[in-house]
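Residue-level structural notes
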2 protein chains.
Amino acid sequence: MDADAYIKSQAELIEKAVHAELPPEPKEVYGMLGEYISRGGKRIRPVLALASCSACGGEESTVLPFAVAIELFHNFTLIHDDIEDSSPMRRGRPTLHIEYGIPIAINSGDALYNLVWHSLVRNAEPELLSGGAGILISSFRAVAEGQGRELNWYREKRFDVGEEEYLRMVGGKTASLIGASCEIGAYCAGAGMVERDALRTFGEKIGLAFQIKDDVLNLTADPSKYKKKIGEDIDEGKRSLITIHLIANSPPQVRRRVIGILGKGKKSAADVRETIGLAQECGSIRYASDYAERLVRDAKASLEAVEAGAGRGLMDSLADYIVRREK
Amino acid sequence: MDADAYIKSQAELIEKAVHAELPPEPKEVYGMLGEYISRGGKRIRPVLALASCSACGGEESTVLPFAVAIELFHNFTLIHDDIEDSSPMRRGRPTLHIEYGIPIAINSGDALYNLVWHSLVRNAEPELLSGGAGILISSFRAVAEGQGRELNWYREKRFDVGEEEYLRMVGGKTASLIGASCEIGAYCAGAGMVERDALRTFGEKIGLAFQIKDDVLNLTADPSKYKKKIGEDIDEGKRSLITIHLIANSPPQVRRRVIGILGKGKKSAADVRETIGLAQECGSIRYASDYAERLVRDAKASLEAVEAGAGRGLMDSLADYIVRREK
């Protein structure tokens, strides 16, 4: 089965399992969460958890409660991130804080995070709970720590972020949860530490690649296929591998110009076009694309040393999907 | 030992155990949490967990990880509640969102909630983890649900909240975590369901009494002893047992006046004084005080049917502390 078909069929299974965790009452808390989660998303994290479990010879049903918990957690982070980034839209609809106000959106996010643990304690096999919760909680911590580092760059108006510092931030904010998704699959399959580490490394590398590819798409995607606004990251003044490369590798006057645009409050369409053009000229978009592809190659290589059963071909094609996608 | 001395000595133990759970890095995430938690607070929830465990003949060390988790959770809810209620001050210092902005305050709250689970998974005895986590998670859910109900009243500008509806909201937002604090003590002591239920009921009743007493103090406390501004709840338009009694039991023109004051944006000092005066005249403050005292009597009675060892006297004096305190 190719990656697209596999993702599609597993996403349906996850969809159903996720919705089963949402309580019916009180509607003023959980009603909006059902609608929010129904908006879709790639479900790439729980899909990777299921695939990793299979690849290590395990039964998918053992990892499903953890996969569901990871997807619930991911949605919780989106709700809060959208408030923190003042994002108006999510998956084609207004973000929850735009629709219900910041107080209710914060609280519904918290209620969703409660369901992460509620569902885990209720559904995970007791002998897997403590170890599996340990894997998840380490990555949950890393997510908040990565987000905290990024928010602090905004607060301090920092544009001198280096590549290593940037990768550590994304390593926490995005890659750690994808790494945990893969490791938890191996763990539930009863794999040993060598295999668990290999799967986590695989996940972390494709997780980094996923974010970098996201940033590339944000500046270069085909508008007819892409759901967000092209150049929205420039609007938000976001630090990415692209802007970091551009700032570090352009002549002083270009650098000042780029920092000037990224740092100002409201950007014009011309500002956004100009920045994308400069990133093209400086080779920064190429640099980021190549970086993501290299990460995917490294990710696949990290699985070579371990037994991964019939699922190795699937894991490889999921890794390729990360850099191949157009939206 | 009397309640004050007991609370003081146990709070020191808890203080130390709570701070041991805060990671040193990254400072931009955890630094502010250490400062925030150090601001103090009554630590009444973890103290009750330790006392309940003793009262049921258990070893306090078994419940300590859960007590710490409860205190971390409580502080997390304060950070988010203060954003949701636009509160400028907490324990004599600016709230985190005032000091660091809403985005960082939301994320640091989330990071603190991560530590709840991180500390539990690391420190709880494995055979107590799953059952204990179940007790906690039920109350965490109830807290967010209660908060969601209250936020929705503000959003819908509702002043027709009935007493039963109000008690259900506070039952979730405040009483459930205090109930869980007492139940978890019994659980860790190896008590059976009858004793656990009795302790939870005890905690829920004193939890309700705690909130009602808080609301009474907010309007009537001696300003030289009270840390908050007298009448701040009126400023915030808060629904309480007092305002609900006042609205339900006053003549139409007084009712309209009270709703007019509570519902308007900015209240004058005269508005606040007038509302407090009307609540005195209508007997609403007396009604709430009596209600809290009755709850404390009921709480104590709920322990009569169960064995509670040497700690019964202590539990009674902790219950009395709730309605006796002046700040």
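Worth saying up front: this structure is predicted, and the values here are computed from it rather than measured.

Looking now at the overall build of chain A. When you go through chain A residue by residue, the secondary structure sums to 15 helices and 2 strands. Computed over its C-alpha atoms, the radius of gyration of chain A comes to 20 Å, within 12% of the 20 Å expected for a compact globule of 327 residues. Dimensions of chain A, computed from C-alpha atoms along their principal axes, come out at roughly 60 × 50 × 35 Å. For chain A, buried positions account for 52% of its 327 residues. Pairs at least 24 residues apart make up 75% of the contacts formed inside chain A by residues separated by at least 6 positions.

Let us now look at the interface of chain A and chain B. Listed per partner, the contact involves 35 residues of chain A and 35 residues of chain B. Those elements that provide at least two residues to the side of chain A that touches chain B are α2 (27–38), α4 (60–84), α6 (102–123) and α7 (126–155) of chain A. Residues belonging to the side of chain A that touches chain B are distributed by class as follows: 17 nonpolar, 11 polar and 7 charged.

What follows deals with helix α13 (residues 269–281) of chain A. Residue and element names in this part refer to chain A. In this model α13 runs 18 Å from its N-terminal to its C-terminal C-alpha over 13 residues, within 8% of the 18 Å that 1.5 Å per residue would give. All of the buried residues in α13 are T275, I276 and A279. Taken around the axis of α13, the buried residues stretch over an arc of 95°, which confines them to a single face. Summarising the geometry of α13, the exposed residues directed more than 90 degrees from the buried face are A270, G277 and E281. Buried positions along α13 lie against α9 (193–220), α10 (232–235), α11 (241–249), α12 (252–263) and α14 (284–302). Of the residues trailing α13, G283 is marked for its positive phi of about 80°.

Attention shifts here to the nonpolar core. One recurring pattern in soluble globular proteins: nonpolar side chains tend to sit buried together. Within the largest apolar cluster, 206 residues are counted, with the highest numbers of intra-cluster contacts made by A:F66, A:L136, A:I206, B:F66, B:L136 and B:I206. Those residues in contact with A:I206 that sit more than four places away from it in its chain are A:I178, A:L295, A:V296, A:A299, A:A319 and A:I322.

To continue, consider the relation of the copies chain A and chain B. Least-squares fitting of chain A to chain B yields an RMSD of 0.0 Å, with the transformation described by 0.0 Å of translation along the axis and a rotation of 180°. The symmetry that links the two subunits is that of a two-fold axis.

We now examine the environment of B:Y291. Residues and elements named next belong to chain B. The topology assignment puts Y291 in helix α14 (residues 284–302). Sequence separation of Y291 and I212 is 79 residues, and the distance between their C-alpha atoms is 8.0 Å. When residues no more than four places from it in sequence are discounted, the contact partners of Y291 are I212 and L241.

Let's shift gears to helix α8 (residues 163–188) of chain B. Residue and element names in this part refer to chain B. Look at α8: 35 Å from first C-alpha to last across 26 residues, which is about the 38 Å you get at 1.5 Å a residue. At A175, α8 shows its largest bend, some 50°. The buried count for α8 comes to 19 of 26 residues, which makes it a mostly enclosed element. At the exit of α8 stands G190, carrying a positive phi of roughly 80°.

The subject of this paragraph is the packing of helix α3 (residues 44–55) of chain B against helix α15 (residues 312–324) of chain B. Residues and elements named next belong to chain B. Relative to each other, α3 and α15 sit at 150°, their axes nearing to 9 Å. Regarding the angle of α3 to α15, the classification is roughly antiparallel. The crossing of α3 and α15 is left-handed. Every residue of α15 that contacts α3 at L48, A51 and A55 is listed here: R312, L314, M315 and L318. Partitioned by chemical class, the residues of the contact of α3 with α15 number 6 nonpolar, no polar and 1 charged.

Let us now look at the confidence of the model for chain A. Close inspection of predicted coordinates is inappropriate for parts of the model with low pLDDT. Averaged over all residues, the pLDDT of chain A is 95; the fraction at 70 or higher stands at 99%. Interface confidence for the predicted complex, expressed as ipTM, amounts to 0.97; the pTM equals 0.97.

Within the secondary structure, A:N107 is located in helix α6. Residue class for A:N107 comes out buried when judged on the 29 C-beta atoms lying within 10 Å of it. Expressed as a C-alpha distance, the spacing of A:N107 and A:I70, which sit 37 residues apart in the sequence, is 19 Å. The contact partners of A:N107, leaving out residues within four places of it in the chain, are B:E84, B:A144, B:Q147, B:G148 and B:L151.

Looking now at unusual backbone geometry. In this model, A:E25 is joined to A:P26 through a cis peptide bond whose omega is -10°. Here A:R43, not a glycine, exhibits a phi torsion of approximately 55°, which is positive. Tracing the backbone shows A:R43 in the loop between α2 and α3 (44–55). What makes A:R43 buried here is the crowd of 22 C-beta atoms within 10 Å. Positive phi, close to 50°, is recorded for B:K157, a residue that is not glycine. Inspection of the secondary structure assignment puts B:K157 in the loop between α7 (126–155) and α8.

Before going further, it helps to examine the environment of A:G58. Turning to its location among the elements, A:G58 is positioned in the loop between α3 and α4. For the pair A:G58 and A:G185, spaced 127 residues apart in sequence, the C-alpha separation works out to 7.9 Å.

Rules used in this analysis
Residues numbered from 1 in each chain as written. Chains lettered and ligands numbered in written order. Predicted model: local features only at pLDDT ≥ 70, side-chain atom pairs only at ≥ 80, totals over all residues. Helix = DSSP H or I, 4+ residues; strand = E, 2+ residues; numbered from the N terminus. Rg over C-alpha atoms; globule rule 2.2 N^0.38 Å. Buried ≥ 20, exposed ≤ 12 C-beta atoms within 10 Å, placed from the backbone. Contact = placed C-beta atoms within 7 Å. Nonpolar A, V, L, I, M, F, W, Y, C, P; charged D, E, K, R; others polar. Expected span 1.5 Å × (residues − 1). Arc of directions from axis to C-beta. Core = buried A, V, L, I, M, F, W, Y, C linked by C-beta atoms within 7 Å. Least-squares fit on C-alpha atoms with pLDDT ≥ 70 in both. Bend = angle between axes of the 7 residues up to and from the residue. Axes fitted to C-alpha atoms, helices over the stretch in contact; angles between N-to-C directions. Parallel < 35°, antiparallel > 145°, perpendicular 65-115°, else oblique. Left-handed = near helix turned anticlockwise from the far one by under 90°. pLDDT = per-residue confidence, 0-100.

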